[in-house]
Amino acid sequence: MTSKSPRDPGTSAVEVRRSARRSRTVSAYREGDRTVVLIPARMSEAEERRWVGVMLDKLAAKESRSVLGDRELTERARRLSDQYFDGRARPGSVRWVTNQNTRWGSCTPSEGSIRLSHRLQGMPEYVVDYVLLHELAHLLVPGHGPRFWRLLEAYPRTERARGYLEGVAAVDRLPNLSDRPEDAREE
Ligand SMILES: [Zn+2]
């Protein structure tokens with residue numbers, strides 16, 4: 001049986017498949033432009049509607065966490081610059097790179113380009129925002145001197161995000177946390 005999602009009419013088709021083998025579990029996945037929701041055969045119509053809603057929300061949340069496109073990333077960096085640096089840092093482009101395993105982010109101030117390690121994908125939003133702000137700040141101040149950290153004080157989750165990344169790095173036993181080899185060491 002196929003029905004349209006009630007909250008997104010006309011765009012995403014939802015196919016509900018009932019399975020006699022399922023007793024309790026509900027799961028959902030994308031299949032092309034459709035969303036398939038698997039439910040136990042004996043579920044009522046009302047339960048079905050409720051679970052379809054829950055699973056669509058879950059999928060959407062997972063997808064928005066996982067990967068912003070490069071264009072969305074650039075827009076996000078511009079919004080962060082507006083919000084915390086009065087728009088003074090002007091990123092030309094922001095993109096994900098997969099060849100950056102010991103640095104979370106890097107930037108080329110002369111081009112205004114920022115690169116983020118794909119390893120940040122799936123990390124909490126506030127952590128990605130911190131790395132974006134860190135690189136945006138480097139468009140204004142090179143190195144990690146007091147002026148640099150004063151800029152980042154505007155972002156209330158700087159300490160928390162740094163702690164998160166240090167924890168991840170410790171687990172991965174990364175050689176260092178400095179995002180640019182020519183930079184002074186942090187701390
Ligand atoms: Zn840095």
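Per-chain numbering applies: the sequence of each chain, read as written, is numbered from 1 onward. Reporting of local features is limited, given that this is a predicted model, to residues whose pLDDT is at least 70; pairs of side-chain atoms are given and counted only at 80 or more, and all residues count toward the totals for whole chains, interfaces and linings.

Asker: How would you explain the overall build of the protein chain if you had to name every residue and give the values?
Answerer: Under the DSSP-based scheme used, a helix requires at least four consecutive residues in state H or I and a strand at least two consecutive residues in state E, with every element numbered from the N terminus. The number of helices and strands found in the protein chain is 5 helices and 7 strands. Ordered by position in the sequence, the α and β elements of the protein chain form the string β-β-β-β-α-α-β-β-β-α-α-α. Within the protein chain, the proportion of its 187 residues that are buried is 21%. Sequence-distant contacts in the protein chain: of pairs separated by 6 or more residues, those separated by 24 or more amount to 41%. Remark: C-beta atoms are placed from the backbone, and a residue is labelled buried if 20 or more other C-beta atoms sit within 10 Å of its own, exposed if 12 or fewer do, or partly exposed between those counts. By definition, residues are in contact whenever their C-beta atoms, placed on the basis of the backbone, come within 7 Å of each other.

Asker: Break down the pairing of strand β3 (residues 27-31) for me, citing the residues and quoting the values.
Answerer: Counting buried positions along β3 gives 0 out of 5 residues, so the element sits mostly on the surface. Whether two strands pair comes down to DSSP finding at least two bridges between them. Note that β3 and strand β4 (residues 34-40) share 5 bridges and pair antiparallel. The residue of β4 that forms the bridge with Y29 is V36. Joining the antiparallel neighbours β3 and β4 is a turn of 2 residues, in which G32 adopts a positive phi near 65 degrees.

Asker: Give me the lowdown on the nonpolar core, citing residues and values where you can.
Answerer: Take the buried Ala, Val, Leu, Ile, Met, Phe, Trp, Tyr and Cys residues, join any whose C-beta atoms are within 7 Å, and the set you get is a nonpolar core. Formed by 23 residues in total, the largest nonpolar core has its most connected members in A77, L80, V131, L132, L133, L136 and A137. Put simply, the parts of the chain that give this core at least two residues each are α2 (70-85), β7 (113-117), α3 (125-140), α4 (146-152) and α5 (158-172). Element by element, the count of residues in this core is highest for α3, at 8 residues. Look past the residues within four positions of L132 in its chain and what remains in contact with it is R76, A77 and L80. Listed in part, the 5 residues of the second largest apolar core include V16, I39, V52 and M55.

Asker: If you had to explain the sheet that holds β7 to someone new, which residues and values would you point to?
Answerer: One open sheet holds the 3 strands; their spatial order is β5-β7-β6, and the pairing between them is mixed. Edge positions in the sheet fall to β5 (93-97) and β6 (105-108), since each has one partner strand and no second. Each strand of the sheet is rotated relative to its neighbour by a mean of 20 degrees, with strand direction disregarded. Here α2 sits on the sheet and contacts β5 and β7; the angle it forms with β5, its principal contact strand, is near 130 degrees. Helix axes are fitted to C-alpha atoms over the stretch in contact, other axes to C-alpha atoms as well, and angles between N-to-C directions run from 0 to 180 degrees.

So far we have only geometry, and geometry alone does not tell us how the molecule works.
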